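What follows is each chain in one-letter form.
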Amino acid sequence: MSEVVKARPRFGVMRLIDATGYRLPLAGFVSILHRASGMLMFLLLPFVLYLLDKSLASEATFVSLQTLTSGVFVKLVILALIWAYLHHFCAGIRHLLMDFHYGLDKDSARQSAVGVLVVSIALSALIGLKLFGVF
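Residues numbered from 1 in each chain as written. Predicted model: local features only at pLDDT ≥ 70, side-chain atom pairs only at ≥ 80, totals over all residues. Heavy atoms only, no water.

1. Overview of the overall build of the chain
Item 1. Along its length, the chain carries five helices and zero strands.
Item 2. When the elements of the chain are put in sequence order from the N terminus, they spell out α-α-α-α-α.
Item 3. In terms of C-alpha radius of gyration, the chain reaches 22 Å, well past the compact-globule figure of 14 Å for 135 residues.
Item 4. Across its three principal directions, the C-alpha atoms of the chain cover 90 × 40 × 25 Å.
Item 5. Scored against the burial criterion, the 135 residues of the chain give a buried share of 18%.
Item 6. Put simply, of all contacts in the chain between residues at least 6 apart along the chain, 75% involve residues at least 24 apart.
Item 7. Accessible surface for the chain amounts to roughly 10,700 Å². Of this, 71% is attributable to carbon and sulfur atoms. (Helix = DSSP H or I, 4+ residues; strand = E, 2+ residues; numbered from the N terminus. Rg over C-alpha atoms; globule rule 2.2 N^0.38 Å. Buried < 20%, exposed > 50% of the residue type's maximum accessible area, 1.4 Å probe, protein only. Contact = heavy atoms within 4.5 Å. Areas by Shrake-Rupley, 256 points an atom, 1.4 Å probe, with all protein chains shown as cover.)

This is how it looks when you write it as structure tokens:
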């Protein structure tokens, strides 16, 4: 006697391609960006500390680093690092407030996520304008 065995759905096994089908709320997107910005800063920390060490070593190395950072590509990398810091800082304050149980409901979580994005992008744009010599 043969039994018909139905294929049981597999729960708990999710591939990365499966995640693209989900619509992520803005608060989740900000949370992922918070993690990504922290990782970016962590990975670039040795490079930033190396540049700081070289810039403080002598006046000649400071001038050479100053000419290195005058290029557009390097300024864009610096601007990305500035955005990562500002976003991580603003999202960290948001998460700290959420740890104190402020803004946990859906509407205020969305508003705080929008606030984090607006503040971090606006401050990055202002610093970017200064970095590229607009004012």
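2. Considering the packing of helix α2 (residues 26–57) against helix α3 (residues 59–68)
Item 1. Two numbers describe how α2 lies on α3: the axes approach to 5 Å, and their chain directions differ by 130°. As summarised for this structure, α2 and α3 are arranged oblique, according to the angle between their axes. Residues Leu51, Lys54, Ser55 and Ala57 of α2 form the contact with α3, whose own contacting residues are Thr61, Phe62 and Leu65.
Item 2. Its residues placed into classes, the contact of α2 with α3 shows four nonpolar, two polar and one charged. (Axes fitted to C-alpha atoms, helices over the stretch in contact; angles between N-to-C directions. Parallel < 35°, antiparallel > 145°, perpendicular 65-115°, else oblique. Nonpolar A, V, L, I, M, F, W, Y, C, P; charged D, E, K, R; others polar.)

3. Observations regarding α2
Item 1. Compared with the 46 Å implied by 1.5 Å per residue over 32 residues, the 44 Å span of α2 between its first and last C-alpha is a close match.
Item 2. Residue Leu45 marks the point of greatest curvature in α2, where the axis turns by about 45°; the proline Pro46 follows within four residues. (Expected span 1.5 Å × (residues − 1). Bend = angle between axes of the 7 residues up to and from the residue.)

4. Quick word on the packing of aromatic side chains
Item 1. Throughout the structure, instances matching the rule amount to one aromatic pair.
Item 2. Plain terms: the ring middles of Tyr85 and Phe89 are 6.2 Å apart, the flat faces sit at 20° to each other, and that makes the pair stacked. Note that Tyr85 and Phe89 are positioned in helix α4 (residues 72–99) at a spacing of four residues, about one turn of the helix. (Phe/Tyr/Trp six-rings, centres within 6.5 Å; stacked < 30°, edge-to-face > 60°.)

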